[in-house]
Every structure is written in C-alpha cells, then in structure tokens.
Amino acid sequence: MKKRELVSFLFIFILFGLISGVWGQEHLPREKKNVRENIFVLRTLRMTQALDLTEAQTAVIFPELNRAEKEKAALQAELGREIKELRQLIKNEKVEDKEFENRVTKIMNCREKIRLREEDFEKFLFGQLTSNQKARYIVFNLDFNRGMMERMGRARMAGQKNK
C-alpha cells in the first residue's frame, strides 16, 4: 500500500509541476516543451525507483528538483539565444574582435550558471539522501545520461535515414 501511495503522490506532484512549468515556457516551441517535460518525468520516476526514495524525501526533493529544472531551462534558452547570435556574427564578415569576445564571454557565463545550478541541486540532494542513496544517485545519473545520449543518437540516425 505504501508504494501505491508513493506512486500516486509522485504522479500528482509531477503533474502539478508540469502544469506550472508549461506556463513558464511559452517561448519554447511545443515539441521542445514536450520533449523536455517527458525527459523530466522519466528522469524523476526512474530516480525515485533507483534511489528508493521515501515519501518524506520525495516531498522535500521534488519541489527543489522542479525549481532547478525550470531555472536550468531558462538558462539553456538564454544560452541558445546567445549561440544563435554568435552564429550570426560569424556569418558577418565585418565584425570586430571585441564583439566576438563579448559574445563568447556571455556564452561562458551562461554555461557556468547552468553548471552552478546543477551543483547547487546536487548539494541539496545529497543533504537529503543516505550514503547508499548518494552512491546509487551517482550511478543512476551517469547511466541515465548515457542512455539518453545513446537514444538521441539512434533517433537522430533514424531521422537522417528517413530523409
């Protein structure tokens, strides 16, 4: 019965988080929002299973996880805009080095902010987990990210074959 309650709680919590997250991402195309949301939900559910989180841990961790993901999404959108502008500068033949340096600095700052936000969440998370769960999180994180990269690579290759 405890597992069923936990799964119900997670489902409602994730649904609430996704609904509130959708309102904060109007600037993204619908497909990107769906992919980002689906990955977030999959990661959250798999993390819950892999770490065997208690209901109390879930209630503390998930709001912070949701906040961290929203902040990272905003930072990654900003990074995407900066990279797009850098690409345009590269195409322009009459650009001064100072403009390139400014754009590169902005991009490096965005990347640093994303990295720091990830580190902040991980510090918070490790404060909530047992030693065993911390170890399982490290393995889960590596395996999940590797698996997602492999799946995206296969999907990309399948998409190229269909063209």
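Above: the structure in question.
Residues numbered from 1 in each chain as written. Predicted model: local features only at pLDDT ≥ 70, side-chain atom pairs only at ≥ 80, totals over all residues. Heavy atoms only, no water.

> Teacher, can you tell me more about helix α5 (residues 131-161) here?
Owing to its 3.6 residues per turn, the α-helix aligns residues three or four sequence positions apart on the same side. The end-to-end C-alpha distance of α5, which contains 31 residues, comes to 45 Å, matching closely the 45 Å that a straight helix rising 1.5 Å per residue would cover. Those residues of α5 that fall on the buried side of the exposure criterion are Q133, Y137, F140, N141, F144, G147 and M148. (Helix = DSSP H or I, 4+ residues; strand = E, 2+ residues; numbered from the N terminus. Expected span 1.5 Å × (residues − 1). Buried < 20%, exposed > 50% of the residue type's maximum accessible area, 1.4 Å probe, protein only.)

> Can you help me understand the pattern of salt bridges in this one?
When the charged atoms of two side chains lie near each other, side chains of opposite charge can form a pair. Taken as a whole, this structure holds ten salt bridges when the rule is applied. Between K72 and E69 there is a salt bridge; the shortest N-O distance is 3.4 Å. Of this pair, K72 and E69 both sit in helix α3 (residues 55-91), three residues apart, which is roughly one turn of that helix. Like E69, K72 is buried. E71 is the salt-bridge partner of R117, the closest N and O atoms lying 2.6 Å from each other. Of the two residues, R117 sits in helix α4 (residues 97-128) while E71 sits in helix α3, which places them 46 residues apart along the sequence. (Salt bridge = Lys/Arg side-chain N within 4 Å of Asp/Glu carboxyl O.)

> Explain the side chain of Q57 to me, please; I cannot follow it from the model alone.
Mapped onto the secondary structure, Q57 falls in helix α3. By relative accessible area, which is 11% here, Q57 ends up buried. At 2.7 Å, the side chain of Q57 forms a polar contact with the side chain of Q133. Setting aside anything within four residues of it in sequence, one finds Q57 in contact with D52, Q128, L129, T130 and Q133. (Polar contact = N/O pair within 3.5 Å; in protein donor to acceptor, adjacent residues only side chain to side chain. Contact = heavy atoms within 4.5 Å.)

> How should the nonpolar core be read in this particular structure?
Counting residues in each nonpolar core, the largest one holds 15 residues, and the members touching the most others are M47, I61, L129 and Y137. Leave out the neighbours within four places in its chain, and Y137 touches R43, M47, L51, E122, L125, F126 and L129. Counting residues in each nonpolar core, the second largest holds six residues, with L75, L79, L86 and C110 among its members. (Core = buried A, V, L, I, M, F, W, Y, C linked by side-chain atoms within 4.5 Å.)

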